[in-house]
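Analysis of the macromolecular model
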Amino acid sequence: MSSLHVAQVSPLSICLILLFLLPTAQAEEADRYARERADMLDTIRAESAFTGLYRDQETLDPAVMSAMGRVWRHRLVPEEQREYAYENRPLPIGYGQTISQPYIVALMTGLLQLQAGDKVLELGTGSGYQAAVLAELADRVHTIEVVKPLGERARADLQELGYRNIQVRIGDGYYGWPEEAPFDAIVVTAAASHVPPPLLRQLKPGGRMVIPVGSAFQVQQLVLVEKAEDGSIRTTQVLPVRFVPLTGGHD
């Protein structure tokens with residue numbers, strides 16, 4: 001009678017097999033979405049040219065476009081939204097929140113004029129996509145999310161994607177992050193009725209802030225705030241936008 005011999009695979013062998021397969025799986029994932037990311041960049045360029053009449057500038061910073069091309073947006077949206085990840089439109093991420101359309105992310109990032117070594121504050125982490133784009137360009141990113149489950153999920157996803165220069169805090173972003181101030185740049189990804197005074201104080205002289213200002217659930221104005229070396233403030237309306245409202249316990 002013949003006997004059946006079952007090969008025994010040691011735990012070490014299993015680990016080695018997984019380590020061999022992991023880079024292959026990551027490469028396949030990168031290749032799968034590479035074309036979609038390239039198409040997204042083409043769409044951003046076309047929209048930038050179209051809205052240039054608002055901004056007196058038809059093209060976006062090449063460094064920003066390069067950063068947008070490196071970030072895996074499909075890994076920073078809910079799984080059921082991944083097939084739409086590189087479409088130029090907002091996507092729901094749960095808890096009544098959305099991820100901004102890629103063009104707006106590129107535009108807001110470009111307005112900050114980030115330099116290597118900069119420290120950035122973001123209000124409204126959401127899925128973590130804007131923070132990831134900022135982290136591709138700046139030295140450090142501090143991002144605040146008021147919705148705890150969103151903040152925790154973004155923190156985990158960003159860590160998994162290898163972003164070690166992003167710190168996520170759960171809390172009310174209206175008051176900023178005083179112990180890390182001043183910041184070279186601040187970006188707010190939710191609409192406020194006014195520019196929060198704590199953020200103005202935490203913006204470094206020579207720094208820039210981008211924030212949507214206006215009533216909740218209505219058309220707002222994307223505003224560029226520039227703080228001169230003498231501390232004086234200049235604001236410029238960039239173009240009409242629509243964002244979810246900035247929430248928290250502030251007035």
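This text gives an overview of the structure that appears in the document. (Residues numbered from 1 in each chain as written. Predicted model: local features only at pLDDT ≥ 70, side-chain atom pairs only at ≥ 80, totals over all residues. Heavy atoms only, no water.)

What follows covers the pattern of salt bridges. The final tally for this structure, using the stated rule, is 12 salt bridges. The salt bridge involving Glu136 is made with Arg70; its shortest N-O contact spans 2.8 Å. Taken as a pair, Glu136 in the loop between helix H5 (129-135) and strand E4 (140-145) and Arg70 in helix H3 (residues 62-70) lie far apart in primary sequence, 66 residues in all. Accessibility expressed as a relative area gives 26% for Glu136, which makes it partly exposed. One salt-bridge network, held together by shared partners, links Arg208, Glu226 and Arg234. (Salt bridge = Lys/Arg side-chain N within 4 Å of Asp/Glu carboxyl O. Helix = DSSP H or I, 4+ residues; strand = E, 2+ residues; numbered from the N terminus. Buried < 20%, exposed > 50% of the residue type's maximum accessible area, 1.4 Å probe, protein only.)

In this model, the largest pocket occupies a volume close to 560 Å³. In terms of lining, the largest pocket is formed by 39 residues, of which the most central are Thr98, Ser100, Thr189, Phe243 and Val244. Where the lining of the largest pocket is concerned, the elements lending two or more residues are strand E2 (97-99), helix H4 (102-112), strand E3 (119-123), H5, E4 and strand E9 (233-241). For the lining of the largest pocket, the per-class residue count stands at 20 nonpolar, 14 polar and five charged. (1 Å grid on protein atoms, 1.4 Å probe; cavity = no way out; pocket = protein on both sides within 12 Å on 5 of 7 lines; lining within 4 Å. Points joined across faces, edges and corners; volume = space filled by probe spheres on them. Nonpolar A, V, L, I, M, F, W, Y, C, P; charged D, E, K, R; others polar.)

Secondary-structure assignment places Ser127 in the loop between E3 and H5. Polar contacts involving the side chain of Ser127 include one to the main-chain carbonyl oxygen of Leu76, which spans 2.8 Å. The contact partners of Ser127, leaving out residues within four places of it in the chain, are Leu76, Ile93, Ile99 and Ala154. (Polar contact = N/O pair within 3.5 Å; in protein donor to acceptor, adjacent residues only side chain to side chain. Contact = heavy atoms within 4.5 Å.)

Where strand E8 (residues 220-227) and E9 come together, eight bridges link them in antiparallel fashion. Each residue of the ladder has a partner; that of Gln220, found in E9, is Val241. The turn joining E8 and E9, which pair antiparallel and follow one another in sequence, is formed by five residues; a positive phi near 90 degrees is taken by Gly231. (Pairing = 2+ DSSP bridges.)

What follows covers the sheet that holds E8. If you walk across this open sheet you meet the seven strands as E5-E4-E3-E6-E7-E8-E9, and the pairing is mixed. The sheet terminates laterally at strand E5 (166-170) and E9, the two strands that pair on one side only. Looking at each pair of strands side by side, their axes are set apart by 15 degrees on average, direction ignored. Bridge analysis of strand E7 (residues 203-213) against E8 gives six bridges, and the strand direction is antiparallel. Residue Val210 lies in a different strand from E8, and its bridge partner there is Leu224. (Axes fitted to C-alpha atoms, helices over the stretch in contact; angles between N-to-C directions.)

This next bit is on the pairing of E5. The sheet contact formed by E4 and E5 spans five bridges and is parallel. Each residue of the ladder has a partner; that of Ile144, found in E5, is Arg169.

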